[in-house]
Amino acid sequence: MTGSDDFSISTRISLGDLLVILTTLVFSSDLVELTFRGIGLGAVVQVFYLGIYAMSLLVAILTGTLSGLARTCPLALLMIALPVLSMAWSFDPNETLQRVIGLVGTSIFGFYLGWHYTTARLIRLVTWGMIVNVTLSLIAIVAVPAIGIDHSQQWSGTWIGIHTHKNELGGSMSLVILLLAYALFDTGGPLRFVFWTYLGLSVLLLAGSSSATSILTTAISLALMSIFVIWAKAPGLARLLMLLSVVFVPFFAFLAWYADLFDLVLEAFGKDSNLSSRVDIWRLVWPYVGDRWWLGYGYGVFWQENLPWMNQMEERLHFAPFYSHNGIIETWIGGGIILVIVTVSVYLLGLFKAFVRVAGEPEVITASFPIVMLLVFITRNITESALLNRNNIFWALFVAMIATLARDVRLRLGSGTIEPVEG
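Residues numbered from 1 in each chain as written. Predicted model: local features only at pLDDT ≥ 70, side-chain atom pairs only at ≥ 80, totals over all residues. Heavy atoms only, no water.

Peer 1: Teacher, can you tell me more about the overall build of the chain here?
Peer 2: Counting its regular elements, the chain contains 18 helices and 2 strands. When the 423 residues of the chain are sorted by exposure, 49% land in the buried category. Here the contacts in the chain between residues at least 6 apart in sequence split such that 73% fall between residues at least 24 apart. With the model as given, the accessible surface of the chain reaches about 19,300 Å², and the carbon-plus-sulfur share is 68%. (Helix = DSSP H or I, 4+ residues; strand = E, 2+ residues; numbered from the N terminus. Buried < 20%, exposed > 50% of the residue type's maximum accessible area, 1.4 Å probe, protein only. Contact = heavy atoms within 4.5 Å. Areas by Shrake-Rupley, 256 points an atom, 1.4 Å probe, with all protein chains shown as cover.)

Peer 1: Looking at this model, I keep getting lost on the confidence of the model for the chain. Mind explaining?
Peer 2: If pLDDT is low for a region, its predicted coordinates should not be looked at in detail. Within the chain, residue pLDDT values average 87, and 85% of them lie at 70 or more. When the criterion is pLDDT under 50, residues 1-10 qualifies, and its contacts beyond four places in sequence or with other chains add up to 28 contacts. The low-confidence segment residues 256-261 (pLDDT under 50) makes 3 contacts with residues lying over four places distant or belonging to another chain. (pLDDT = per-residue confidence, 0-100.)

Peer 1: Is there a simple way to think about the pattern of salt bridges in this case?
Peer 2: Any two side chains of opposite charge can pair if their charged atoms end up close together. Tallied over the full model, the rule gives 7 salt bridges. Between Arg-283 and Asp-280 there is a salt bridge, with the nearest N and O atoms lying 3.9 Å from each other. Pair noted here: Arg-283 and Asp-280 are both in helix α14 (residues 278-291), with a separation of 3 residues, about one helical turn. (Salt bridge = Lys/Arg side-chain N within 4 Å of Asp/Glu carboxyl O.)

Peer 1: Looking at this structure, how should I read a nonpolar patch on the surface?
Peer 2: A grouping of Trp-286, Trp-293, Trp-294, Leu-295 and Ile-338 is seen on the molecular surface, where their side chains present a nonpolar patch of about 500 Å² in accessible area. For Leu-295, the location among the structural elements is in the loop between α14 and α15 (308-317). For Leu-295, a relative accessible area of 37% corresponds to the partly exposed category. (Patch = residues over 30% accessible without salt bridge, like charges linked within 9 Å, V, L, I, M, F, W, Y side chains within 5 Å.)

Peer 1: I would appreciate a short explanation of the packing of helix α9 (residues 166-183) against helix α17 (residues 369-380) in the present structure.
Peer 2: In a pair of packed helices, the angle between the axes and the distance between the axes together describe the arrangement. The N-to-C vectors of α9 and α17 enclose an angle of 165 degrees; their axes lie 12 Å apart at closest approach. The angle between α9 and α17 places the two elements in the roughly antiparallel class. Considering how the two elements wind past one another, α9 and α17 form a crossing that is right-handed. Note on element contacts: α17 touches α9 through Phe-369, Val-372, Met-373 and Arg-380, opposite Asn-167, Gly-171, Leu-175, Leu-178, Leu-179 and Tyr-182. (Axes fitted to C-alpha atoms, helices over the stretch in contact; angles between N-to-C directions. Parallel < 35°, antiparallel > 145°, perpendicular 65-115°, else oblique. Left-handed = near helix turned anticlockwise from the far one by under 90°.)

Peer 1: It is not clear to me how the side chain of Ser-209 should be interpreted in this structure. Could you clarify?
Peer 2: Mapped onto the elements, Ser-209 comes out in helix α10 (residues 189-209). Among the polar contacts made by the side chain of Ser-209, one reaches the main-chain carbonyl oxygen of Leu-206 at a distance of 2.7 Å. Among residues more than four places away in sequence, those in contact with Ser-209 are Thr-158, Trp-159, Lys-166, Leu-169 and Gly-170. (Polar contact = N/O pair within 3.5 Å; in protein donor to acceptor, adjacent residues only side chain to side chain.)

Peer 1: What am I meant to see in the packing of aromatic side chains here?
Peer 2: This model, assessed by the stated rule, comprises 23 aromatic pairs. Residues Phe-91 and Tyr-297 carry aromatic rings whose centres are separated by 6.3 Å and whose planes lie at 90 degrees to one another, so their mutual orientation is edge-to-face. Here Tyr-297 lies in the loop between α14 and α15 and Phe-91 lies in the loop between α5 (74-85) and α6 (93-116), a separation of 206 residues in the sequence. Exposure remark for Phe-91: the relative accessible area of 30% places this residue in the partly exposed category. Here the aromatic rings of Phe-228 and Trp-231 are separated by 5.9 Å at their centres, their planes lie at 25 degrees, and the arrangement is stacked. Of the two residues, Phe-228 and Trp-231 both sit in helix α11 (residues 212-233), 3 residues apart, roughly one turn of that helix. Cluster of aromatic residues (ring-pair linked, three or more members): Phe-91, Tyr-288, Tyr-297, Phe-302, Trp-303 and Trp-309. (Phe/Tyr/Trp six-rings, centres within 6.5 Å; stacked < 30°, edge-to-face > 60°.)

Peer 1: Help me out: how do you make sense of the packing of α9 against α11 in this one?
Peer 2: Contact pair α9 / α11: the axes reach a minimum separation of 9 Å and the direction vectors enclose 15 degrees. The angle between α9 and α11 places the two elements in the roughly parallel class. When you trace α9 past α11, the crossing you get is right-handed. Facing Asn-167, Gly-170, Gly-171, Ser-174, Ile-177, Leu-178, Ala-181 and Tyr-182 of α9, the residues of α11 in contact are Ser-214, Thr-217, Thr-218, Ser-221, Leu-222 and Met-225.

Peer 1: Could you clarify how one ought to interpret the nonpolar core in this entry?
Peer 2: Across soluble globular proteins, nonpolar side chains show a tendency to be buried alongside one another. Formed by 91 residues in total, the largest nonpolar core has its most connected members in Phe-27, Met-79, Leu-113, Leu-122, Phe-369, Trp-395 and Phe-398. The leading source of residues in this core is helix α18 (residues 393-408), at 13 residues. Residues within four places of Met-79 in sequence aside, it is in contact with Leu-339, Val-342, Thr-343, Val-346, Leu-388, Trp-395, Phe-398 and Val-399. Counting 21 residues, the second-largest nonpolar core is a separate cluster that includes Leu-284, Val-301, Trp-303 and Leu-317. (Core = buried A, V, L, I, M, F, W, Y, C linked by side-chain atoms within 4.5 Å.)

Peer 1: Just to check I follow, could you spell out unusual backbone geometry for this structure?
Peer 2: It is generally the case that most residues other than glycine have a negative phi and that most peptide bonds are trans. Positive phi is not limited to glycine here, since Leu-388 has a value of about 50 degrees. If you trace the backbone, Leu-388 turns up in the loop between α17 and α18. On the basis of relative accessible area, Leu-388 is assigned to the buried category, the value being 4%. One non-glycine residue, Asn-391, lies in the positive phi region at around 55 degrees. The residue Asn-391 is located in the loop between α17 and α18 in this model.

Here it is as structure tokens:
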């Protein structure tokens, strides 16, 4: 691990850097879909994505990303291989093939991002891609409200920017707020003013999206980051806060449950105990999970239109769901319990390594980014689904964190030691 993972000022921008910025914009928005499908050029969308996947594969090979991961974290590669193998038992192999191409391409990009860059550089590059997202979303909302504002009956008036749903805009803004918060710690001069400006604009867009999940995850991410910042600046105070949280959080959770305060909190976010029909979806889809418990239905094929179970769920829900709104359930549907076990194992191993890293470099602010990102990622997957989600910035950053930690933290289990290593 680098002991001074700071934000160095550099005017040098490589082709790999440009790829990161462009791909971040694409994976964090629906810009390509809105641009090309909107004018009837759907085939161009596929070509564009294939181009990104090909460039990601090229730079991953040239930088030794895949060979490095094969040595340090083969379980992560197995996690991506299982959806590919699911073509063998998928009830629609052609559809699975089309979707796994996107998954593999997105994952390779994330692996390259995490393996090739320091955490500080990664944050800076992804931040610039997200800033472009914020800029274009604002332009769409103000100048092209037919695109930037939702006009559907259910979510009329909510902001969506260069996305197709308010929750997607909210998720992007939640991410850029966290990235900017980290970037501001080591940024000075006019650039600091730019970052503060975009932080304010991102908060405005988050509020306009009315995405309860994103507002909650933003609060959680900033709270977690604050704990690690305090740890870096005042370790004694951080330990006291952690001890108090261990004691009082369970107490307040019990009090909230006993006094029915959860319903009041949900109501404040415009939700009910059914979480906008999410609970109904979970109940309806679970029996189908049990029907293919071990291997699932094949990656990305369960939610297709006009399938018997889709017709039944639409009849019960009075609308057609297009995913389960839960990362674990979605993973189980696509790859069964086998894929769930592998994915959870990768996550838990990554989380442990993230703790090791932040404990080894408590004075380095960016050292806490992987652990905050992993905790926020799993929180988001409770009511949304980013696990194994192609063309998704959250999934790309998740595998980037796994790659970073595989490079920077090695577990020497044979000798009973845990060693940070130079990235």
